[in-house]
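# Fold and geometry: a report
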Amino acid sequence: MVDTHCHLDMIPLQDVEESVKRLDYLLTIGCDKQEIKKALEIGSKYENVFVAIGYHPYDIGDLTDKDIEELENLIKENPKVIAVGECGLDFYREKTPKDKQEYFFRKQIELAKKLKKPLIIHSRSADRETEKILSEYAPFESGGIMHCFGGDERLMEFSLEAGFYISFAGNITYPKADNLRNILKKVPLDRLLLETDSPFLSPQKVRGTQNKPSNIYYTLEFASELLGIEKSKLEKTTDENFKRLFSLN
């Protein structure tokens, strides 16, 4: 099993080590200056942990073009870095100016295309704006992931056409998430991924506790029942999708 998206630097060490033993691959995300440093350290420590680094839209307040240049150097210097991100747009709360979010989203898209790396996208309350910016750069030959998908069907269809995989987290198990479940049913199996987004979004069975990568099995179980697909088959499918996207043997 693979956890396509987690923040291991935010998780207790004992949960990190348990998850590393139980899962085949984990992709840990560093999306501010401190997290990037920690994610690279964790990736160097565990053979089956890979890394994505970039800047979350809420963490671009003091960002400059020089930081993007340094991000490029870090990616080039570290073979465990297999993606750029998470980056994107988040208009749910007004934590950073929209124009600055869009500027640094574009900068990171350009970096991913320059380095031929997949792109990890964060989009919240910004479906049309995300679609507009991505359309300026589509198609994405190296692909990418629409992480913790929470958009509408139009954004899902656009993302597939642009070359992205669609990843769902534990919130698909929440009682009020019918909209997410309806979209999940429409995603082609060869473009589907699962994630925990640990330490956030614990699946319903363990909701109220801090999430960890090994909880991916609860989300897998739920998705297999929802889709009417044997759990082992869905696990194999999502694992193969991850390996294909990142060219892992």
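Fair warning: this is a prediction, and the values are worked out from it, not measured in the lab.

Our next topic: the nonpolar core. Judged by nonpolar contacts, the single largest core of 64 residues is most densely connected at L119, L134 and F168. At six residues, helix α4 (residues 98–115) tops the list of elements feeding residues into this core. Beyond its immediate chain neighbours, meaning those up to four positions away, L119 contacts V84, C87, Q108, I109, A112, F140, G143, G144, I145 and F164. Counting 17 residues, the second-largest nonpolar core is a separate cluster that includes Y25, F50, A83 and L245.

Further remarks concern the sheet that holds strand β5 (residues 119–124). Read from one edge to the other, the open sheet built from eight strands follows the order β1-β2-β3-β4-β5-β6-β7-β8, with strand pairing classed as parallel. Of all strands in the sheet, those with a lone pairing partner are β1 (2–6) and β8 (192–194), marking the two edges. With direction set aside, neighbouring strand axes in the sheet form an average angle of 25°. Where strand β7 (residues 164–168) and β8 come together, three bridges link them in parallel fashion. Opposite S167, over in β8, you have L193 as the bridge partner. On top of the sheet, helix α2 (residues 33–45) reaches β2 (25–30), β3 (49–53) and β4 (81–90); it is set at about 160° to β3, its chief contact. Taken strand by strand, helix α8 (residues 216–227) contacts β1 and β8, and its axis lies near 145° from that of β8.

With 13 residues, α2 extends 19 Å from end C-alpha to end C-alpha; this agrees with the ideal 18 Å at 1.5 Å per step. Restricting attention to buried positions, one finds in α2 the residues E35, I36, A39, L40, I42 and G43. Summarising the axial view, the buried residues of α2 lie within an arc of 165°, below the 170-degree limit, and thus occupy one face. Turned more than 90 degrees away from the buried face of α2 sit Q34, K37, S44 and K45, all of them exposed. Against β2, β3, α3 (65–77) and β4 lie the buried residues of α2.

Most of β7 is tucked away: five of the five residues are buried. What you see with β7 is no split at all: F164, I166 and F168 on one side and Y165 and S167 on the other are buried throughout. Sheet analysis places strand β6 (residues 144–146) next to β7, joined by three bridges and oriented parallel. Within β7, the position partnered with G144 by the bridge is F164.

Turning our attention to helix α6 (residues 153–162). Inspection of α6 places L155, M156, F158, S159, L160 and A162 among the buried residues, and these make up the whole buried set. In this structure, the buried residues of α6 make contact with β5, α5 (127–137), β6, β7 and α7 (178–184). Positioned one or two residues after α6, G163 has a phi angle of 115°, which is positive.

Moving on, we get to the pattern of salt bridges. For side chains of opposite charge, pairing can occur when their charged atoms come near one another. One pass over the structure, following the stated rule, counts 15 salt bridges. One salt bridge connects E18 with K212, and the closest N-O pair in it is separated by 3.1 Å. Note that E18 is positioned in helix α1 (residues 13–22) and K212 in the loop between β8 and α8, a separation of 194 residues in sequence. Using a relative accessible area of 25% as the deciding quantity, one classes E18 as partly exposed. One continuous salt-bridge network, built from bridges that share partners, spans D15, E18, R22 and K212.

Procedures and definitions
Residues numbered from 1 in each chain as written. Predicted model: local features only at pLDDT ≥ 70, side-chain atom pairs only at ≥ 80, totals over all residues. Heavy atoms only, no water. Core = buried A, V, L, I, M, F, W, Y, C linked by side-chain atoms within 4.5 Å. Buried < 20%, exposed > 50% of the residue type's maximum accessible area, 1.4 Å probe, protein only. Helix = DSSP H or I, 4+ residues; strand = E, 2+ residues; numbered from the N terminus. Contact = heavy atoms within 4.5 Å. Pairing = 2+ DSSP bridges. Axes fitted to C-alpha atoms, helices over the stretch in contact; angles between N-to-C directions. Expected span 1.5 Å × (residues − 1). Arc of directions from axis to C-beta. Salt bridge = Lys/Arg side-chain N within 4 Å of Asp/Glu carboxyl O.

That's the geometry; what it means functionally is another story.
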